[in-house]
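Spelled out, the chains give:
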Amino acid sequence: MKYPKIPLAQTVVQLCKAKQIQHIILSPGSRNAPLTIGFTHDDYFKCYSIVDERCAAFFALGIAQQIKAPVAVVCTSGSALLNYYPAVSEAFYSHIPLVVLSADRPKYLVGIGDGQTINQKDVFKNHIQYSANLKLDLDEKKSNTQDDLPIMKNIENRLESFLGLQQNIQDYNELEINKAINIAVENEGPVHINIPFEEPLYERVDALTVTPKVIQPNVENVVETDYQSYANIWNLSKRKLVLVGVLSPNSIEQKYINQLAEDDSVLMMTETTSNLHHPKIISSIDKLIAALNTDEFELLKPEIVLTFGGLIVSKKIKRFLRDYSPKHHWHVAKNGANNTFFVLNKVFKQSENSFLSSFLPLTTPSKSDYQPFWLNQFKIREDKHKTYLNTISFSDLKAFDSILSAIPNQYQLQVSNSSTIRYLQLFDVNPTLDVFCNRGTSGIDGSTSTAIGAAVGHTKPTLFITGDLSFFYDSNALWNNYTPKNFRIIVINNQGGGIFRILPGHKNTANFDYYFETKHHLTAEHLCKMYSFKYAKVTTEEDLKTQLQDFFKDNDTPKLLEVFTPSKLNDEVLLQYFPFVK
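Everything numeric in this text was worked out from a predicted model, so none of it was measured.

1. Some remarks on the overall build of the protein chain
When its secondary structure is counted, the protein chain shows 22 helices and 20 strands. For 582 residues, the compact-globule estimate of 2.2 N^0.38 gives 25 Å, and the C-alpha radius of gyration of the protein chain, at 27 Å, lies within 12% of that figure. Structurally, the protein chain occupies a C-alpha span of about 85 × 60 × 45 Å along its principal axes. A separation of at least 24 residues holds for 78% of the contacts in the protein chain among residues at least 6 apart in sequence. Here the protein chain has roughly 25,100 Å² of accessible surface; of this, 51% comes from carbon and sulfur atoms. Averaging the positions of the 58 positive and the 61 negative side-chain charges in the protein chain gives two centres separated by 3 Å.

2. Section: the state of the cysteines
Tallied over the entire structure, the rule returns zero disulfides. Here Cys55 stays unpaired: no disulfide links it, and the sulfur of Cys75, its closest cysteine neighbor, is 14 Å away. Its relative accessible area of 2% is what places Cys55 among the buried residues. Looking at Cys528, it has no disulfide partner, and the nearest cysteine sulfur is the one in Cys55, 16 Å off.

3. Digging into the confidence of the model for the protein chain
Looking at the protein chain, pLDDT values average 93 and 95% of them are 70 or higher. Confidence over residues 143-149 falls short of pLDDT 50; this stretch has nine contacts with residues more than four positions distant or in other chains.

4. Description of the side chain of Thr483
Among the structural elements, Thr483 can be located in the loop between α18 (468-473) and β18 (488-493). Exposure remark for Thr483: the relative accessible area of 17% places this residue in the buried category. Leaving out residues up to four positions away in the same chain, Thr483 has contacts with Ile452, Phe533 and Pro558.

5. What about the environment of Leu362?
Note on placement: Leu362 falls in the loop between α13 (352-359) and α14 (370-389). Taking the C-alpha atoms as reference, Leu362 lies 9.8 Å from Ser229; in sequence the two are 133 residues apart. Leaving out residues up to four positions away in the same chain, Leu362 has contacts with Tyr227, Gln228, Ala231 and Asn235.

6. So, unusual backbone geometry
A cis amide bond links Glu199 to the next residue, Pro200, at an omega of 0 degrees. Mapped onto the elements, Pro200 comes out in the loop between β7 (191-196) and β8 (204-205). In this structure, Asp122 is a non-glycine residue whose phi angle is positive, near 55 degrees. Along the polypeptide, Asp122 turns up in the loop between β5 (98-104) and β6 (130-133). A positive phi angle is found at Gln495, which is not glycine, with a value near 60 degrees. Its place among the elements puts Gln495 in the loop between β18 and α19 (510-515).

7. Some points on the sheet that holds β5
The six strands are arranged β3-β2-β4-β5-β7-β6 in an open sheet whose pairing can be described as parallel. Among the strands making up the open sheet, the edge pair consists of β3 (46-49) and β6. In this sheet, adjacent strand axes meet at a mean angle of 20 degrees when their direction is disregarded. Sheet topology note: the β6/β7 ladder contains four bridges and is parallel. Across the sheet, the residue bridging to Asn133 is Asn194, located in β7.

What counts, and where the lines are drawn
Residues numbered from 1 in each chain as written. Predicted model: local features only at pLDDT ≥ 70, side-chain atom pairs only at ≥ 80, totals over all residues. Heavy atoms only, no water. Helix = DSSP H or I, 4+ residues; strand = E, 2+ residues; numbered from the N terminus. Rg over C-alpha atoms; globule rule 2.2 N^0.38 Å. Contact = heavy atoms within 4.5 Å. Areas by Shrake-Rupley, 256 points an atom, 1.4 Å probe, with all protein chains shown as cover. Lys, Arg positive; Asp, Glu negative; His and termini not counted. Charge placed at Lys NZ, Arg CZ, Asp CG, Glu CD. Disulfide = S-S within 2.5 Å. Buried < 20%, exposed > 50% of the residue type's maximum accessible area, 1.4 Å probe, protein only. pLDDT = per-residue confidence, 0-100. Pairing = 2+ DSSP bridges. Axes fitted to C-alpha atoms, helices over the stretch in contact; angles between N-to-C directions.

Below is the structure:
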């Protein structure tokens, strides 16, 4: 086996291996050559080469999202590192363990006008769990031949060599690498390890010259000791709202959901991204509350809100709970909570199952009309939802109805942000589907790359539903050699940012079309030809249903279906939907 000659590169690679970081996404460069050599010459690692660093980082995020373990991205020095930032921020807010390994120039070459050099130290400091800034290995030969080095570098090397600090530097680097990766595991978030390399960068050796110490992460589940006092409050309350945001599939055992559902004083509201299902769950929040009046909101106002999971999509539920504040808001999560409704007064820092297994035995069901009343209201809206779909013309809403009805069981469903995830929230999704969306920062950048990474990281076939702007924004995501043949994309093309048409503003003006909706006439057809996707397009409900019959069948290449909808009708259909279903 071949190894990079530089001890620091050996150290990084060996510690990644020891900590079972198997998926390595590499972007081409020279300064990161020692790392590339180390990772690609060891069969333990599954290495991927993706040119666009932004796509590479979201691709890695998609894999990490699925395997629930750290995935590493490796880049050269300079602006390459900055292209990781959107994915790093998403990983930070979505609690996904992403390990950024950035090669850097030595400190003495930073800030002097050297090429492909920026200030990489702590570059992600506001959106990172930990930043490790490693130290340059000492070079004995260079410390003895000083003519080609700046004087400060001269003095520094001579002094450190004289004091015999190379071992200290090695110890420091090992400690920092261990700490960073352990934090990624313990805190479930991104970390950055900045790694300076001196030239030459491509030299190889046949044997390792360092054996780094491995420090294991400390993964423990904190257990609350005062459940009883909270259970007392719970048992005295007649209106309890359980609200669930983003959760990975199987995060909460079904028996706990069943137990909560049998309490008439508990109303459960979930989002599509919660991956929870029960007949007594209100799975489409906006469908229920969008058209409520003041008196109805007072009836819905809970005494306690118990939340699980990540960020909430629905603006309407957030506005409701801010305007009609509960007495108590408790959140359960190992990594803390956001004070989304401005009344957060307890965080149980543990897993959902750990909390529920300890808390629920202390609770007793209460007689209340809270759950029965609102479930009945939701049933009325569900019936009117079906009626409304039968009355409208072909549009985004109609297209989603056809698409969701056609998805086979046991698919992974990846969804882009903006209008796409909001339309999905209005439907009952097949409970056999696993649903994911980048809700950490809710951006449209990187959704396609994430979906492809997730398809690589999971054995289930994957469908990605996206809007046109989100798809074209991240079109470089298709530029890779790893997209599975059973990967499917559906692009809802309404010729612009359709979400702006349902927001307050002056529509149907040249200014609005150009600067807000950003009207266009682009199609995905030529991208599909370039990247070997089988392409089809539809413009009517009948054509859509026909295409969907064959869309999920096996094929030698991935497939993309582009659904064209009328931009000036979509907003009218959606805005009229909420008063209709009430």
